Every structure is written in C-alpha cells, then in structure tokens.
Amino acid sequence: MSGTITHYMGKSYTGQGVKNFYKEIIQEAQKVYFFKGPTSRRLTEVLKEIGYTAARRGRNMEWFYDPLHEEVIEGVYITETKTLYLQTDAVDPSFYGAGHEWVPYYNAYDEKKLQEIGPLIREKQIINDIWLIKGLQSLARAKKIHDDWEKLIEPAMNWEGINTLLEQLKKKNIGNISLQKNPKVTHRLMGSLTPLGAKDTLDSISKNLKTRLFIKGLPGSGKSSFMRKFAEEAKIHGLDIRFIWCGLDANSIDGVVLPELQLCISDATSPHVYEPEREGDAILDFFPHIDETLLDEEKILELRTSYSEEMSVAQDYLCTHAEELKTIKTLYDSAISGDKWRELQDKMVATVS
C-alpha cells in the first residue's frame, strides 16, 4: 500500500516579505532533521528519496516546495511518525537532544573547488539579493494598491446578507456536532507569486475531500473574515482546523480545511480561479450581496490596472532572482563529491521508519 503525498508551498513572497510556517510545523513534529550546508538543488534528490521510501511503506506525508523553482523541495513531513526533514535558513534547531538534529553536509564538498568558485558565488549573491529586495518592494506596493481597491468595495457590501450566508453554512455543515477533545489548529501555505505567475496547490490539498466550497466575490467583500468565522465556529465544536494562508497578504487566509468533515472552503477568485468540477463542489456566491451600483467602476479599473502592472514588475524581479539563484546553486553543486553525497542520502533514507 502506498502512502499519499499532499503538496504545499514551503514559503510565499508577500507584500509583507517572505512568509513560511516552518516554526509551526516544527512544533507539530516530534523529530526534525535540519539540513545545513551550502544552498543546493541536489538536496531535492535526497528529500524525494526519503519521501518515496516513506510512501512505499504506506506513510502519508506533506511535501513543501520552493515557489521560485517548482521542482525544488524544501521539506518533507511524514505525518504518521511526525518526522520532518527540512532544508531552510529560516529556522534553526531549538531542542538539541530532544527531537532536533543537525544534518551537516559540508564535508560532501571538495574544499579546493569551493575556494575556486567562492569569489564568483559571492559576487552573484550580492547582486541577486538586490533583485529579491526589489521584488519584495514591488509586492509591498501591490499590496497597498490592493488595500485601496478593497476599501472601494466595502461600502457596497450587504454585510447582513453575508452573515446570513455564514449562519446557513454553519448550520448545514457543523450543526450540533460536539467532539469532546481539544481541536488541533494548523497552518499551511498553498500559493505564492512565482516566476510563472501566481500558483497554488489547491488541487492537491483538496483531492481527498468530499466537499469543496468556492467563494466568489470581490476584493474587500469579506471572504477571508467569512472563512475565519466559520473556522472559529468549527473549533468551538471540537473540530480540527487547518488555515491555508494567502500568498500575497501575510495576514489574510485563502482557505480553511476541516479534515473531520472532509471539507474545505477556498477563495476562488482571481488569481486563483476555481469552478465546480466534481460531485461535492459548490459555489458560495457573494455577488448577490454586493450593490454594484454603489461601486466607482472607473476608480476600480484604475486600481486594478495599477495592481496588475505592479504584480508584473514583482514577477519580473523574482524571475531574475530565481534564475540567478539557480546558477548559484548549480555552482555549489558542481563542487559535490558523488560518493560522499550518496553516503548522505543512504544515511538519511535509513532514518525512515
């Protein structure tokens, strides 16, 4: 029997900077292996082999991807054994000897070759950091424009109608359920701006769920707040909650998963447009609760155009940053000793239970 793999973004590039939930996932895990060494594309080979080995043993897991390089994996989390394998500079071990373990791999490199390519890598890295900063600055400007866009929508909202829709949803899906346990609340990312535009992994996240509810509305129409309130009600009834956070606004959510109900609610408006395509899919339509005669269409068009332009600029900067980062990683990987790398991979695969 093969285990299942659910795909998430490991981090996202937002209007407030680079966001990840690795600290929270580390708190969920009982055992964490932290890979430490030069930035490398070849660590994906190790992580995939760990994942495939776990899958062959029937383990379910989550894979966390680098949004800059869709083929690169940052982490593998085996959910049954609560074991996390992670390559990131965002967090370091906290509990040495109590579940956290360094996996240094610097000795798999040829020191002489590293010294030869080091000056070139340093030069490229200094320049490449600038591309990332510029990309994040563009995203911050885009976020500000989006905030202004939302403010134009809010006066046209019939909040009483939205609240009625929420109460109907609670009654239909939660009702009188009462689980006598402390609900688990977890956090994940499903999307981010990438060199290829906005991408997400909703199909993977929702593939085994019976019910998928897609919210259709405008920016500022309360989609994120609606999902938060639904999740908080579910929590009161003892249901586990997984918040799926927005890939542009670090303080907003794009979805909620209730595993015990096999249900998810997701923002399904641009840039992540989804339509019902299978049994159990349905739309939560906010548009009947928006008085479009109160909208300043000319100003909205102006902001929408500015937002699209700023996001395009951010994407261009991230694309340049991603290409340069790929070159830097490839240079580092050119100094790897094949035999020592195989030893590392074999050692880590052996830790899979």
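Our structure is the block above this text.
Worth saying up front: this structure is predicted, and the values here are computed from it rather than measured. Each chain carries its own residue numbering, running from 1 in the written order of its sequence. Selection of residues for local features in this predicted model requires a pLDDT of at least 70, selection of side-chain atom pairs for listing and counting requires 80 or more, and totals for whole chains, interfaces and linings are taken over all residues. Side-chain numbers come from the whole structure's heavy atoms, not from hydrogens or water.

## Concerning helix α3 (residues 111-153)
Residues lying three or four places apart along an α-helix face the same way, a consequence of the helix completing one turn every 3.6 residues. Quick note on the threshold: Helical segments are the DSSP runs of H or I of at least four residues, strand segments are the runs of E of at least two, and each set is numbered from the N terminus. By definition here, a helix of n residues has an expected span of 1.5 Å times n minus one. For a residue, the bend is simply the angle between two axes, fitted respectively to the seven-residue segment ending there and the seven-residue segment starting there. Polar contact is the term for a pair of N or O atoms within 3.5 Å; when the atoms are in protein, one must be able to donate a hydrogen and the other to accept it, and sequence-neighboring residues count only if both atoms are side-chain atoms.
For α3, built from 43 residues, the straight-helix expectation of 63 Å at 1.5 Å per residue is met to within 8% by its first-to-last C-alpha distance of 59 Å. At Ile 117, α3 is bent by approximately 45°, the largest bend along its length, and proline Pro 119 sits one to four residues beyond. Looking at where α3 begins, the residue whose side-chain oxygen comes 2.9 Å from the main-chain nitrogen of Lys 112 is Asp 110.

## What to know about the packing of α3 against helix α7 (residues 297-333)
For the record, the criterion: Axis definition: a line fit to C-alpha positions, over the contact stretch in the case of helices; interaxial angles, taken between N-to-C directions, run 0 to 180 degrees. An angle below 35 degrees is treated as roughly parallel, one above 145 as roughly antiparallel, one from 65 to 115 as roughly perpendicular, and anything else as oblique. Put simply, a crossing is left-handed when the front helix is turned counterclockwise from the back one by less than a right angle, and right-handed when it is turned clockwise. Residue type decides the class: Asp, Glu, Lys and Arg count as charged, Ala, Val, Leu, Ile, Met, Phe, Trp, Tyr, Cys and Pro as nonpolar, and the leftover types, Gly among them, as polar.
As a packed pair, α3 and α7 sit with axes 8 Å apart at the nearest point and diverge in direction by 165°. In this view, α3 runs roughly antiparallel relative to α7, as classed from their interaxial angle. In the packing of α3 onto α7, the handedness of the crossing is left-handed. By residue class, the composition of the contact of α3 with α7 is 24 nonpolar, 9 polar and 8 charged.

## Side note on a negative patch on the surface
Note the cut-off: A patch consists of residues exposed above 30% relative accessible area that lack any salt bridge, with like charges linked at up to 9 Å and nonpolar side chains (Val, Leu, Ile, Met, Phe, Trp, Tyr) linked at up to 5 Å. Here the open area of atoms and residues is found with the Shrake-Rupley method and a 1.4 Å probe, where only the protein chains shown may cover a residue. Criterion for a salt bridge: a side-chain nitrogen of Lys or Arg within 4 Å of a carboxyl oxygen of Asp or Glu. Under the convention used here, Asp and Glu are negative, Lys and Arg are positive, and both His and the chain ends fall outside the count. Lys charges are placed at NZ, Arg charges at CZ, Asp charges at CG and Glu charges at CD.
Residues Asp 291, Glu 292, Asp 296, Glu 297 and Glu 298 make up a contiguous surface patch of negative charge. Mapped onto the elements, Glu 298 comes out in helix α7.

## Examining the packing of helix α4 (residues 159-173) against helix α6 (residues 223-236)
Here is the rule: Contacts are assigned to residue pairs that have any heavy atoms within 4.5 Å of one another.
Where α4 meets α6, the axes come as close as 10 Å, and the angle between the chain directions of the two elements is 35°. The crossing of α4 and α6 is right-handed. Touching Ile 162, Asn 163, Leu 165, Leu 166, Leu 169, Lys 170 and Asn 173 of α4 are Phe 226, Lys 229, Phe 230 and Glu 233, all from α6. In terms of residue class, the contact of α4 with α6 is made up of 6 nonpolar, 2 polar and 3 charged.

## Quick look at the packing of aromatic side chains
Where we set the bar: Paired rings are identified among Phe, Tyr and Trp, the last through its six-membered ring, by centres lying within 6.5 Å, and are further divided according to the angle between planes into stacked (under 30 degrees), edge-to-face (over 60) and tilted (the rest). When the NZ atom of lysine or the CZ atom of arginine is within 6 Å of a ring's centre and also within 35 degrees of its normal, the charge is said to sit over that ring.
A full pass over the atoms with the stated rule returns 13 aromatic pairs. Against the face of Tyr 8 rests Arg 188, its NZ or CZ located 5.9 Å from the ring centre.

## Description of the pattern of salt bridges
Evaluated as defined, the whole model comprises 26 salt bridges. Among the salt bridges present, the one from Lys 170 reaches Glu 167, with a minimum N-O distance of 3.2 Å. Of this pair, Lys 170 and Glu 167 both sit in helix α4, 3 residues apart, which is roughly one turn of the helix. Connected through shared salt-bridge partners, Asp 203, Arg 212, Glu 277, Arg 278 and Asp 281 make up one network.

## With respect to α6
Where we set the bar: Each residue's exposure class comes from its accessible area (1.4 Å probe, protein chains only) as a fraction of the maximum for that residue type: buried when under 20%, exposed when over 50%, partly exposed otherwise. Directions drawn from the helix axis to the C-beta atoms are what define this arc.
End to end, α6 covers 20 Å across 14 residues, agreeing with the expected 20 Å (1.5 Å per residue, within 8%). Within the sequence span of α6, burial applies to Lys 223, Ser 224, Phe 226, Met 227, Phe 230, Ala 231 and Ala 234. The buried residues of α6 occupy an angular sector of 160° when projected down its axis, which confines them to one face. Turning to α6, the residues buried within the fold contact α4, β12 (211-216), β13 (241-245), β14 (253-258), β15 (263-267) and β16 (281-285). At the C-terminal side of α6, Gly 238 shows a positive phi close to 85°.

## A short note on the pairing of strand β11 (residues 197-200)
Note the threshold: Any two strands with at least two DSSP bridges between them are considered paired.
Bridge count for strand β10 (residues 191-194) against β11 is 4 bridges, and the pairing is antiparallel. Paired with Leu 193 across the bridge in β11 is Ala 198.

## Regarding the layout of surface pockets
Rules: Points on a 1 Å grid, built from protein atoms alone, make a cavity when a 1.4 Å probe fits but cannot get out and make a pocket when they are open with protein on both sides within 12 Å along at least 5 of 7 lines; residues with an atom within 4 Å of a point are the lining residues. Grid points are joined across faces, edges and corners, and a volume is the space filled by probe spheres set on the points.
Looking at the largest pocket, its volume works out to about 1100 Å³. Contributing to the lining of the largest pocket are 49 residues, with His 146, Asp 267, Ser 270, Pro 271 and Tyr 307 lying nearest its centre. Put simply, the parts of the chain that give the lining of the largest pocket at least two residues each are α3, β10, β11, α6, β14 and α7. With 8 residues, the single largest contributor to the lining of the largest pocket is α7. Of the residues assigned to the lining of the largest pocket, the class counts are 18 nonpolar, 18 polar and 13 charged.

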